[in-house]
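The residues making up each chain are set out below.
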Amino acid sequence: MTGGGLLVAGTTSDAGKSVVTAGICRWLVRQGVKVAPFKAQNMSLNSFVTREGAEIGRAQAMQAQACRIEPTALMNPVLLKPGGEQSSQVVLLGRPVGELSARGYHGGRQQRLLGTVLDCLAELRGTYDAVICEGAGSPAEINLRRTDIVNMGIARNARLPVLVVGDIDRGGVFASFFGTVALLSREDQELVAGFLVNKFRGDVSLLEPGLEMLKGLTGRRAYGVLPFRHGLGIDEEDGLRVSLRGTVRESAVAPPVGEDVLRVAVCAIPLMSNFTDVDALAAEPGVVVRFVDRPEELADADLAVIPGTRGTVRALQWLRERGLAQALVRRAAEGRPVLGICGGFQILGEHIEDEVESRAGAVDGLGVLPVRVRFAREKTLTRPAGEALGERVEGYEIHHGVATVDSGEPFLDGCRVGQTWGTHWHGSLESDGFRRAFLREVAAAAGRRFVPAPDTSFAALREEQLDRLGDLIEQHADTDALWRLIESGAPQGLPFIPPGAPA
């Protein structure tokens, strides 16, 4: 028997598809439904490693957590990792299979992956009561429809009803809803069941006449109006669009336990990947995290972080051009804390040999850590665990660079020299005991009277966030109607809205 399904599409990128998908998943699992997430194709620099060693988008890993299941490669069979404006690494079923230009991918390779994508979805639907699928961008990108495997392409092949999410906080949501439907072919329109308004501020009764007019124009109803809430984002998808200011989402954080706050400056390097590593720091009472791109912004920081990147050599060049490289070297010499994670760790080393990622050959690193890095064609994808600073630590590794550590004090898989630390491990700061021990070291070196909160559980905070998403769906969406969609598909007889897709 095939389980039910739903495709959550959006009027635009960042309309709230990931959040709504996670919310629906958490609402369903609380009703006793066995549910899984799915995104056929994801473009993201924020990825995760499953227990079987497959690389998938972090958003799908978080959606799996919303479903209270382990993430697998089936949930995100195609992952595109941008290496610049023109090309991406293609990760298929959790493993990299090559680099392709956008033209090369959309010119034929994408369509050939449709069979794999549909097989993965069918396997999930054969295992779970319901599969909640997330689209990408907008389903009305008419220039890409012919080769689409993530929006209406998969909806039509798998006969999935489609719910279109619109961000009303941006304005123009009615035009976006209408235009999205009106630019689809007749066959695609038959699957678009209706709309979900996201991020509404104010009195819903003032919106209701517009929703009724939209129903009159399209023959499709609204399935709910979700209010605007701070701090509801799950792990972000797109590292290319990351803001240099205020990336860490707003949330209610308790006051500092000690007398001082701890200031963390994260270098906003190009092709930044897995910047979610610092979310665990931002969740700590008294820790202030900001993203920086100028050397003067490092001056008052108690900890400087160089995060991961899909372009280590490019990021190193950017740091030098901006004057940040010199500031980081000076910090390290003065014994002021610096942490490098993955690509950031490689940047802190003495020498990089890269014939794989940038093909730049031999490049000098910042020379702060006694480390030599050689890029291998095979990607390391692991879920390591160990001990550091007397505490248990778990993480995950995603990198082509192989580091040889010549000296220094061991630190996870990397090393420490003075107050400069480097490791390939993503996610290590989510281990609560280790994070507190690390912050105590940073505070002591920075001369701050900062005390880590004794009871901050990052896993519990994530669960609370996912429950809040489930609450939003349960309280502000027509859940009975949503379940009918998931179980029975789009209503019959939905009208065609001209002009439809161009011939």
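The structure this text deals with has already been given above.
Keep in mind the model is a prediction, meaning the values are calculated, not measured.

**Q** Requested: an account of the pattern of salt bridges, with residues and values cited.
**A** Across all of its chains, the model carries 30 salt bridges by this definition. Ionic pairing is found between Glu259 and Arg449, a salt bridge with its closest N-O pair at 3.1 Å. Taken as a pair, Glu259 in the loop between β12 (221–227) and β13 (262–267) and Arg449 in the loop between α13 (432–446) and α14 (458–476) lie far apart in primary sequence, 190 residues in all. For Glu259, a relative accessible area of 62% translates into the label exposed. With a relative accessible area of 52%, Arg449 lands in the exposed category. Two residues, Asp406 and Arg372, come together in a salt bridge whose shortest N-O distance is 2.8 Å.

**Q** So, helix α1 (residues 17–30): which residues are in play, and what are the values?
**A** In a regular helix each residue adds 1.5 Å, so 14 residues correspond to 20 Å; α1 covers 20 Å between its end C-alpha atoms and thus fits that length. Within α1, 12 of the 14 residues are buried, leaving the element largely enclosed by the surrounding structure. Taken together, the buried positions of α1 are occupied by Lys17, Ser18, Val20, Thr21, Ala22, Gly23, Ile24, Cys25, Arg26, Trp27, Leu28 and Val29. Directly beyond the C-terminal end of α1, a positive phi value near 85 degrees is found at Gly32.

**Q** Could you give an account of the packing of aromatic side chains, with specific residues and numbers?
**A** With the rule as written, the count across this model stands at seven aromatic pairs. Aromatic pair Phe434 and Phe438: ring centres 6.3 Å apart, planes at 25 degrees, arrangement stacked. One end of the pair is Phe434 and the other is Phe438, both in helix α13 and four residues apart, which spans about a single turn. Each member of the pair, Phe434 together with Phe438, is buried. Three or more aromatic residues link up through ring pairs in this structure, and these residues are Phe411, Trp421, Phe434 and Phe438. Above the plane of the ring of Phe228 lies Arg201, whose end atom (NZ or CZ) is 3.7 Å from the centre. Directly above the aromatic system of Tyr223 lies the positively charged group of Arg221, at a separation of 4.6 Å from the ring centroid.

**Q** Before we move on, could you go through the sheet that holds strand β21 (residues 371–382) and cite the residues and values that matter?
**A** The four strands lie next to each other as β20-β19-β21-β24, forming an open sheet whose pairing is mixed. Two strands lie at the open edges of the sheet, namely β20 (361–364) and β24 (397–405), each paired on one side alone. Between one strand and the next, the sheet's axes are offset by a mean angle of 35 degrees, whatever the strand orientation. In the sheet, strand β19 (residues 351–354) pairs with β21 via three bridges, with the strands oriented parallel. Across the sheet, Glu353 pairs through a bridge with Arg374, a residue of β21.

**Q** Now, about unusual backbone geometry: what can you tell me, with residues and values included?
**A** Omega for the bond connecting Pro498 with Pro499 falls within 30 degrees of zero, at 10 degrees, which places this linkage in the cis form. Tracing the sequence through the fold places Pro499 in the segment after α15 (479–488). Of note in this structure, Arg159 is not a glycine but carries a positive phi near 55 degrees. In this structure, Arg159 sits in the loop between α5 (152–158) and β10 (162–167).

**Q** Describe the sheet that holds strand β18 (residues 338–341), naming the residues involved and giving the relevant values.
**A** Taken together, seven strands build an open sheet; the order of strands is β15-β13-β16-β18-β27-β26-β25 and the sheet is mixed. For this open sheet the edge positions go to β15 (287–292) and β25 (409–411), each flanked by a neighbour on one side alone. Strand after strand, the sheet turns through a mean of 20 degrees between neighbouring axes, direction not considered. In the sheet, β13 pairs with strand β16 (residues 303–306) via three bridges, with the strands oriented parallel. Across the sheet, the residue bridging to Ala265 is Ala304, located in β16. With respect to the sheet, helix α11 (residues 324–333) is in contact with β13, β16, β18 and β27 (420–423), its orientation differing from that of β16 by roughly 130 degrees. Those strands touched by α13 are β13, β15, β16, β18, β25, β26 (414–417) and β27, and its axis lies near 100 degrees from that of β13.

**Q** Give a detailed account of the side chain of Ser138, specifying residues and quantitative values.
**A** Within the element layout of this structure, Ser138 appears in the loop between β9 (130–134) and α5. Looking at Ser138, the relative accessible area reads 9%, which means it is buried. Those residues in contact with Ser138 that lie beyond four places of it in its chain are Gly10, Thr11, Thr12 and Asn151.

**Q** Any details on helix α10 (residues 312–322)? Residues and values, ideally.
**A** Listing the buried residues of α10 in full gives Thr312, Val313, Ala315, Leu316, Trp318 and Leu319. Positive backbone phi, at 85 degrees, marks Gly323, one or two positions downstream of α10.

Calculation criteria
Counting of residues starts from 1 at the beginning of each chain's written sequence and follows it residue by residue. Where local features are concerned, this predicted model is filtered to residues with pLDDT of at least 70; where side-chain atom pairs are given and counted, the filter is 80 or more; whole-chain, interface and lining totals use all residues. Excluded from the side-chain calculations are hydrogens and water; all other atoms, namely the structure's heavy atoms, are used. Every case where a carboxyl oxygen of Asp or Glu lies within 4 Å of a side-chain nitrogen of Lys or Arg is listed as a salt bridge. Helix and strand assignments come from DSSP, with helices taken as H or I runs of at least 4 residues and strands as E runs of at least 2, each series counted from the N terminus. The classification of residues rests on relative accessible area computed with a 1.4 Å probe and restricted to protein chains. Under 20% of the type maximum is buried, over 50% is exposed, and intermediate values are partly exposed. Here a helix's expected span is defined as the number of its residues, less one, multiplied by 1.5 Å. Here is the rule: rings of Phe, Tyr and Trp (six-membered ring for Trp) pair when centre to centre is within 6.5 Å. Planes less than 30 degrees apart are stacked, more than 60 are edge-to-face, and the remainder are tilted. Note on geometry: a ring has a charge over it if NZ (lysine) or CZ (arginine) is within 6 Å of the ring centre and within 35 degrees of the ring normal. Strand pairing follows a simple DSSP-based rule, namely that at least 2 bridges must link the two strands. Each axis is a line fitted through C-alpha atoms, and for a helix only the stretch in contact is used; angles between axes span 0 to 180 degrees, taken between their N-to-C directions. Contacts are assigned to residue pairs that have any heavy atoms within 4.5 Å of one another.

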